[in-house]
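Chains, contacts and geometry: an overview
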Amino acid sequence: MTQRAGFCAIIGAPNAGKSTLTNRLVGAKVSIVTQKVQTTRFPVRGVAMEGEAQIVLVDTPGIFQPRRRLDRAMVRAAWGGAEDADAVVHLVDAASEIAAAEPGAKAADRKAAADVETIVEGLKAAGKQVILAINKVDAVKREKLLELSQRLFEAGVYSEVFMISAVTGSGVDDLRKRLAELMPENPWFYPEDQTADLPARLLAAEITREKVYLRVHEELPYAATVETTKFEERQDGSARIEQTIYVERESQRPIVLGKGGQTLKWIGQKAREELSAILDRPIHLFLHVQVDERWADKREFYGPVGLDYDA
């Protein structure tokens, strides 16, 4: 059997379910998943195996109308991931797309539909044919799904359509098989048992950032980031990790700390448990909270996470 290996970019509006789909295709957690839109800030590569094919998944940040420097860099990274890929999947949230067309639609649904439109226009301009994956199909009536599928397909930018649920896994195996067929003949890029190529320092920061958002997502809009400042291998096989959680305002510091430091303690405990499981060793995790209102404008924050500061 000939080995195949290539890249597949998953693009879509924020919160379409890209990270959940990446994790489902890989069969392991490689991308952070929270209920907050726009959590993926840089392309994360997950490695999915299907028979003799290795599919390197680029889970891109959501494509949306950018307002600030960080937004612009994230959108540039998403389109960059699509340009370089052997296959591209455009993931659309069926429930949100259908709700946006109803009278009295929620602002979030209307915005998601506008983001889908932006992506379709971008694909037209690039002359690209991509795979359409309609997600969250379990939440929508069948006739509505068929109408949506037909309307989107008529845009002329899709080669084929898959109906899936990234959460339950419905339809995902068929999508993985199709992606495997689209990969070029190549020796595998990664060992068979490797699921991601994120450096450990970056993975550790992402896991902690996910916990921050899971715990304080209501009070803290995207005003926080996490940096791993120290990653030390210990002689006993454990690792000591020091991290700084940056917030933009002094008023946000107590939110992350919580009463008597309880919130920070919860974040640290959850992040440590998950890192120990993923890295398969005991982890000693030390978290500090620092106020830096300009962290999102600092050049040194962009390079390590694969974003272009000058986007």
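Predicted model, so just to flag it, every value in this text is computed and none were measured.

Here is what the cut-offs are and how they apply
- Residues numbered from 1 in each chain as written.
- Predicted model: local features only at pLDDT ≥ 70, side-chain atom pairs only at ≥ 80, totals over all residues.
- Heavy atoms only, no water.
- Helix = DSSP H or I, 4+ residues; strand = E, 2+ residues; numbered from the N terminus.
- Buried < 20%, exposed > 50% of the residue type's maximum accessible area, 1.4 Å probe, protein only.
- Contact = heavy atoms within 4.5 Å.
- Areas by Shrake-Rupley, 256 points an atom, 1.4 Å probe, with all protein chains shown as cover.
- Core = buried A, V, L, I, M, F, W, Y, C linked by side-chain atoms within 4.5 Å.
- Phe/Tyr/Trp six-rings, centres within 6.5 Å; stacked < 30°, edge-to-face > 60°.
- Lys NZ or Arg CZ within 6 Å of the ring centre and 35° of its normal.
- Pairing = 2+ DSSP bridges.
- Right-handed = clockwise from strand over helix to strand, strands pointing away.
- Polar contact = N/O pair within 3.5 Å; in protein donor to acceptor, adjacent residues only side chain to side chain.
- Axes fitted to C-alpha atoms, helices over the stretch in contact; angles between N-to-C directions.
- Expected span 1.5 Å × (residues − 1).
- Arc of directions from axis to C-beta.

1. Focus on the overall build of the protein chain
A count of helical and extended segments in the protein chain gives ten helices and nine strands. Across the 311 residues in the protein chain, those meeting the buried criterion constitute 50%. Pairs at least 24 apart in sequence give 71% of the contacts found in the protein chain among residues at least 6 apart. Only carbon and sulfur atoms are counted for the fraction: they give 48% of the accessible area of the protein chain, which is about 14700 Å².

2. Some words on the nonpolar core
With 24 residues, the main nonpolar core has Ile 241, Ile 245, Val 256, Leu 275 and Ile 283 as its most contacted residues. Secondary-structure elements contributing two or more residues to this core are α7 (200-216), β7 (224-233), β8 (239-247), α9 (262-279) and β9 (283-291). With residues near it in sequence (within four places) discarded, Leu 275 still touches Ala 204, Ile 207, Ile 241, Asp 280 and Ile 283. Grouped together as the second largest cluster of nonpolar side chains are 23 residues, Leu 25, Ala 48, Leu 175 and Met 183 included.

3. So, the packing of aromatic side chains
This model, assessed by the stated rule, comprises one aromatic pair. Lying across the ring of Phe 286, Arg 240 places its NZ or CZ 4.0 Å from the centre.

4. Things to note about unusual backbone geometry
Backbone geometry at Lys 136 places phi at a positive 65°, although glycine is not the residue there. Locating Lys 136 in the fold gives a position in the loop between β5 (130-135) and α5 (142-153). The class of Lys 136 is partly exposed, set by a relative accessible area of 28%.

5. Brief notes about the pairing of strand β6 (residues 158-163)
As defined by bridge partners, β5 adjoins β6 across five bridges and the pair is classed as parallel. Residue pairing in the sheet places Ile 134 in a bridge with Met 163 of β6. Handedness of the crossover is the feature at issue here: the chain leaves β5, passes through α5, returns alongside β6, and the resulting connection is right-handed.

6. What about the environment of Thr 168?
Relative to the elements of secondary structure, Thr 168 occurs in the loop between β6 and α6 (172-182). Through-space distance from the C-alpha of Thr 168 to that of Leu 21 is 10.0 Å; in sequence the pair is 147 residues apart. Every residue in contact with Thr 168, bar those within four places of it in the chain, is listed here: Arg 24 and Asp 138. In this structure the side chain of Thr 168 is engaged in a polar contact, spanning 3.0 Å, whose partner is the side chain of Ser 165. From its side chain, Thr 168 meets the backbone nitrogen of Ser 170 in a polar contact 3.2 Å long.

7. A short note on the sheet that holds β9
On the basis of which strands lie adjacent, the open sheet formed by three strands has the order β7-β8-β9 and mixed pairing. The outermost strands of the open sheet, each flanked by one partner alone, are β7 and β9. Neighbouring strand axes in the sheet, compared pairwise and without regard to direction, differ in orientation by 20° on average. Judged from the nine bridges that link them, β8 and β9 form a sheet pairing that is parallel. What sits directly across from Thr 244, in β9, is His 288. Most of the contacts of α7 go to β7, to which it runs at about 140°, and overall it touches β7, β8 and β9. On the sheet, α9 packs against β7, β8 and β9 and is oriented at approximately 140° with respect to β9.

8. Some thoughts on α5
Turn by turn, an α-helix covers 3.6 residues, leaving residues three or four places apart pointing in a common direction. In a regular helix each residue adds 1.5 Å, so twelve residues correspond to 16 Å; α5 covers 16 Å between its end C-alpha atoms and thus fits that length. Among the residues making up α5, those that are buried are Leu 145, Leu 148, Ser 149 and Leu 152. Buried residues along α5 cover an arc of 100° about the axis, so they all sit on one side. Looking at α5, the residues exposed on the side facing more than 90 degrees away from the buried face are Glu 147 and Gln 150. Buried residues in α5 make contact with β4 (87-93), α3 (94-100), α4 (107-126), β5 and β6.

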